[in-house]
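Chain by chain, the residues:
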Amino acid sequence: MARVLINFPQRAKRGDIIEIKTLIQHPMETGYRLDNKGAAIPRDIINCFTCTYNGEEVFRAELFPAISANPFIAFSTVATQSGELVFSWSADRSQTQTETRQINVE
Amino acid sequence: MNGLLGPLLALAGAAALAAAADDRRSGYDFASPEIRAMQDDDTANPGNLWVLQGETLWDKRAGAADRSCADCHGDARVSMKGVAARYPAFDAALARPLDLEQRINQCRTEHQRAEPLAWESEDLLAVTAFVARQSRGLPITVSSSPELRPFLASGRELFEQREGQLNLACSQCHDDNWGKRLAGNLIPQGHPTGYPLYRLEWQGLGSLQRRLRNCMTGVRAEPFDYGAPQAVALELYLMERARGMPMDAPAVRP
Amino acid sequence: MSRQFSAPRGGEGRGEVGGGGVSNRGATHLTLPVTDVTDPLPLLPQADGEGSSSPTRRRVLLTAAGAGLASLAPAAEATEAAMTEAIRQLIGEAPLEPRKVKLELPSIVENGNTVPLTVSVESPMTQADHVESIHIFNQKNPQPFVAAVHLGPRAGKAYVATRIRLADSQRIVAIARLSDGSFCSGSADVIVTLAACTEQ
């Protein structure tokens, strides 16, 4: 399980636009690097990141090798109701990682 | 301009003089605003991914003694406060200085009775980052006891001697030419206030020794082995040279 | 034993190392090039980032160093043409309005491995008028895509912030698809410098 940092205001007022910041540990191996024998190191990147809010997708990013290692993605969403934010990172070769966080909306 | 202003102006003058005498600036001061922003935001500093891991490892039992760091040291926020700021430190039994990574491994082998963690391994970096984080903002205070003097002298000598195919000494860039540019990059003064740090070039966290090895490779010299006495002596000298400067681990640097 | 630092000698950016202070032992006086940073020193292919990719540099390396470099990683060269084609695939024959899309990224970076980028689009983000997606392209990495972000009215604001890799000084282009089917764009140019003292 890769380490993850997720940050957003845990309490918000209905209608507020909140900023969500995410950071996940992943080398984002581009497939263009050569090892010390000259062979290409196979590509292994996080290719898709999604965020759902009480089950509905509110953000999706398709990522390519041009995204840096340990990908940082920040975006916003409108605080509509209390519930669950589910963040999901899928990679070329590894298991999809999912993190769930609660949000309180007054 | 007497009365209140007089003494205030005198104080300001004295402060200005003191500042002029100490023109030491950390790598943070030489970094771009974007890199500084990356470092300052705890939720966006990639180094914190390792600090998080270190926090988990701190509580994890290990070795034949089945002990965790927490079992002896309790809450790291209390017990580790200021620790990284005074390493490398003298070890009386071994009669030589140990750096923080070596000290952590000493605890592992002697108190946890576990295998030492490999240099630059994710776990060792994580624990070191977690411990170093507890010294954030605190001034560097390596001991000035006489037993460290010969190691300090050796470190200083290493810093000032020319080496490698490019025949350059550390001091030539970092004492004599800081602030100028080397092939597009601003040369910093070379203070270790932020280690272990996230180097953009590595796209990962690394130790001071790793960075020193990069410098040595840069001048085409054979780098010291990890944990070599020269490497530790050099670390000791660098920390002494940075005495009083605040720690900012885990830093972000280009 | 704190070391007193001498003030930097010479003009800023001279990059001359080897004078003053330390005794010279013969021909060790180096003058390192002050950068024309759009064309850094021809280095061997980097083992990180997406590889050096400018055509002139590649020619220099291939003629200078012969066989060893023939084994460069697959298709490690993207040109303006690849980016243009990728954009054409996205927008088809539709017109592209160069407005509303703002790219925030440093104009000069110390390391191309991790460049902070924020793309934002002016939009009320209502059901009737919002940004559906933002597509980010680059000009000189081995492949032209950076990211494709899908939003909607629930975003509140149309933006994404991330960190990207840039193999060389180049242009980044961002295209927003709006809910009415039209496209807007913005771009920014970045100068990328290379790190001194690496692992190689």
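Anything mentioned here points back to the structure above.
To keep things clear, this report deals only with the structure shown in the data block. In this text, all values refer to a predicted model and were calculated from it rather than measured experimentally.

Digging into the overall build of chain A
If you tally the helices and strands in chain A, you get zero helices and eight strands. Overall, chain A shows an N-to-C arrangement of helices and strands of β-β-β-β-β-β-β-β. When its C-alpha atoms are laid out on the principal axes, chain A stretches across 60 × 20 × 20 Å. Burial analysis of chain A (106 residues in total) assigns 38% to the buried set.

Quick notes on the interface of chain A and chain C
Across the boundary between the two partners, chain A contributes 26 residues, which contact 32 residues of chain C. Of all the secondary structure elements, the ones that give two or more residues to the side of chain A that touches chain C are β5 (56–63) and β6 (72–78) of chain A. Take the side of chain A that touches chain C: its biggest share by element is seven residues, from β6 of chain A. Each residue belonging to the side of chain A that touches chain C can be placed in one class, and the counts come to 18 nonpolar, five polar and three charged. Of the pairings in the sheet, the one linking β6 of chain A to strand β9 (residues 158–164) of chain C comprises two bridges and is antiparallel in character.

Quick word on the sheet that holds strand β5 (residues 197–199) of chain B
Residue and element names in this part refer to chain B. If you trace the three strands from one edge of the open sheet to the other, you get β6-β5-β7, paired in mixed fashion. At either margin of the open sheet sits one strand with a lone partner, and together these are β6 (204–206) and β7 (252–253). Where β5 lies against β7, two bridges are found, and the strand directions are parallel. Bridge pairing in β7 places Arg199 opposite Arg253.

Describing the packing of helix α4 (residues 47–58) of chain B against helix α8 (residues 122–133) of chain B
All names here are of chain B. Between α4 and α8, the least distance of the axes is 7 Å, while the angle of their chain directions is 95°. Looking at the two axes, α4 sits roughly perpendicular to α8. Contact residues: Gly47, Trp50, Val51, Gln53, Gly54, Glu55, Leu57 and Trp58 in α4; Asp123, Leu125, Ala126, Val127, Ala129, Phe130 and Arg133 in α8.

A look at helix α2 (residues 80–91) of chain C
A rise of 1.5 Å per residue sets the reference length of α2 of chain C, with its twelve residues, at 16 Å; its end C-alpha atoms lie 17 Å apart and thus fit the reference within 8%. Phi turns positive one or two residues past the end of α2 of chain C, at Gly92 of chain C, with a value near 65°.

Focus: the sheet that holds β6 of chain A
With antiparallel pairing, six strands are arranged side by side in an open sheet as β1(A)-β3(A)-β6(A)-β9(C)-β6(C)-β4(C). Of all strands in the sheet, those with a lone pairing partner are β1 (4–7) of chain A together with β4 (101–104) of chain C, marking the two edges. On average, adjacent strands in this sheet sit at an angle of 15° to one another, irrespective of strand direction. One ladder, built from four bridges, connects β1 of chain A with strand β3 (residues 17–24) of chain A; its direction is antiparallel. The partner of Val4 of chain A across the bridge, within β3 of chain A, is Ile24 of chain A.

Reading the values: rules and limits
- Residues numbered from 1 in each chain as written.
- Chains lettered and ligands numbered in written order.
- Predicted model: local features only at pLDDT ≥ 70, side-chain atom pairs only at ≥ 80, totals over all residues.
- Helix = DSSP H or I, 4+ residues; strand = E, 2+ residues; numbered from the N terminus.
- Buried ≥ 20, exposed ≤ 12 C-beta atoms within 10 Å, placed from the backbone.
- Contact = placed C-beta atoms within 7 Å.
- Nonpolar A, V, L, I, M, F, W, Y, C, P; charged D, E, K, R; others polar.
- Pairing = 2+ DSSP bridges.
- Axes fitted to C-alpha atoms, helices over the stretch in contact; angles between N-to-C directions.
- Parallel < 35°, antiparallel > 145°, perpendicular 65-115°, else oblique.
- Expected span 1.5 Å × (residues − 1).

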